[in-house]
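# Understanding the architecture of this molecule
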Amino acid sequence: MLTVDPHPLLDLIAFTSSFPAPLGDLPAPEWLQALLKPGATAPLQSDDAVRGAVRDLLRHGGYKPTGRGKPASEYLVRASGDGTLGTINAAVDACNAVSLHSGLPISVVDLDKAQAPFRVSTAIQGDRYVFNASGQTIDLEGLLCLFDAQGPCANAVKDAQRTKTDATTRRTLTLLWGTKELKGHTERAFTWYRELLERLGATVEPVR
């Protein structure tokens, strides 16, 4: 289902999730929303070493992970701190909770919007996509991305608008953009992530 180009730093974990109902009918419970708030207790913790290692991962292909192009996990820290990290849906909230506390960027793609085959590769010059409803685009050159049959659709900075989850989503493909510089960290993040999703009633299947 997923091919991954060789990479000296990437420690990727991918999995699919099937939810018992459309996400619009699965509001995030209070315990999940609480994980998005400052000071929440979690089994993982991010720090400067994690942030540095993630940025090194993104820099490897020539991408500059700074300013508006920094890893999505860094935005979550700021949003949680200023109280603007609100609930979106159960799948995205679980993603944001794990990303916030682990420091790892995470992509969540609606499997009914994306088209196989899937691969992870470094984007080349000219690769870009719209990442929000207002039509803003991101230049992807040098950045590790998930590609589907139509082109790039997700990465550690901003996922494509065309494959984002919505109220009708029932199946997702999730990628944890881990790095080999943080030995075992990606696996620990996945273990906790799986526990959260199964608590929500989702069925989780690792992608090999």
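Quick note: structure is the one above.
As the structure is a prediction and not an experimental result, all values here were calculated from the model.

Okay, the side chain of Asp127 next. One can find Asp127 in the loop between β4 (118–122) and β5 (128–130). Here Asp127 is buried and forms no salt bridge, its nearest opposite-charge partner Arg119 lying at an N-O distance of 6.5 Å. Polar contacts involving the side chain of Asp127 include one to the main-chain amide nitrogen of Ile124, which spans 2.9 Å. Excluding residues within four positions of it along the chain, Asp127 makes contact with Ile138, Asp139, Leu140, Glu141, Phe147 and Pro152.

Attention shifts here to unusual backbone geometry. A cis amide bond, omega 5 degrees, links Ala116 with the succeeding residue Pro117. Examined against the element boundaries, Pro117 turns out to sit in the loop between β3 (106–110) and β4.

What follows deals with the environment of Pro29. When you line up the elements, Pro29 lands in the loop between β2 (10–18) and α1 (30–34). Separated by 176 residues in sequence, Pro29 and Glu205 have C-alpha atoms that sit 23 Å apart.

For the rest of this paragraph, the subject is the pairing of strand β8 (residues 151–155). Extensive coverage of β8 is indicated by the burial of five of its five residues. With four bridges connecting them, strand β7 (residues 144–148) and β8 associate as antiparallel partners. Paired with Cys145 across the two strands is Asn155, which belongs to β8. Turn length for the β7-β8 hairpin, with the two strands adjacent in sequence and antiparallel, is two residues.

Time to look at the sheet that holds β7. Strands sit in the order β1-β4-β7-β8 across an open sheet of four strands; the sheet is mixed. Looking at which strands have only one partner, the edges of the open sheet turn out to be β1 (2–4) and β8. With strand direction ignored, the average angle separating the axes of adjacent strands in the sheet is 35 degrees. Judged from the three bridges that link them, β1 and β4 form a sheet pairing that is parallel. When the bridges of β4 are listed, Leu2 appears paired with Phe118.

So, on to the packing of helix α3 (residues 72–81) against helix α4 (residues 90–102). For the pair α3 and α4, interaxial distance at closest approach is 8 Å and the crossing angle is 95 degrees. Relative to α4, the element α3 is oriented roughly perpendicular. Residues Ser73, Leu76, Val77 and Ser80 of α3 form the contact with α4, whose own contacting residues are Asn96, Ser99 and Leu100. Its residues assigned to classes, the contact of α3 with α4 comprises three nonpolar, four polar and no charged.

With that settled, consider the packing of aromatic side chains. Summed over the entire model, instances satisfying the criterion amount to two aromatic pairs. Their ring planes at 85 degrees and their centres at 5.1 Å tell us that Phe15 and Tyr193 sit as a pair that is edge-to-face. On the criterion of sequence distance, the pair formed by Phe15 in strand β2 and Tyr193 in helix α5 (residues 185–199) is long-range, its members being 178 residues apart. For Phe15, a relative accessible area of 0% translates into the label buried. Residue class for Tyr193 comes out buried when judged on its relative accessible area of 1%. Joined through ring pairs, the aromatic side chains of Phe15, Phe190 and Tyr193 make up one cluster. Seen from the ring of Trp31, Arg199 lies directly overhead, with NZ or CZ sitting 3.9 Å from the centre.

What counts and how
Residues numbered from 1 in each chain as written. Predicted model: local features only at pLDDT ≥ 70, side-chain atom pairs only at ≥ 80, totals over all residues. Heavy atoms only, no water. Helix = DSSP H or I, 4+ residues; strand = E, 2+ residues; numbered from the N terminus. Buried < 20%, exposed > 50% of the residue type's maximum accessible area, 1.4 Å probe, protein only. Lys, Arg positive; Asp, Glu negative; His and termini not counted. Salt bridge = Lys/Arg side-chain N within 4 Å of Asp/Glu carboxyl O. Polar contact = N/O pair within 3.5 Å; in protein donor to acceptor, adjacent residues only side chain to side chain. Contact = heavy atoms within 4.5 Å. Pairing = 2+ DSSP bridges. Axes fitted to C-alpha atoms, helices over the stretch in contact; angles between N-to-C directions. Parallel < 35°, antiparallel > 145°, perpendicular 65-115°, else oblique. Nonpolar A, V, L, I, M, F, W, Y, C, P; charged D, E, K, R; others polar. Phe/Tyr/Trp six-rings, centres within 6.5 Å; stacked < 30°, edge-to-face > 60°. Lys NZ or Arg CZ within 6 Å of the ring centre and 35° of its normal.

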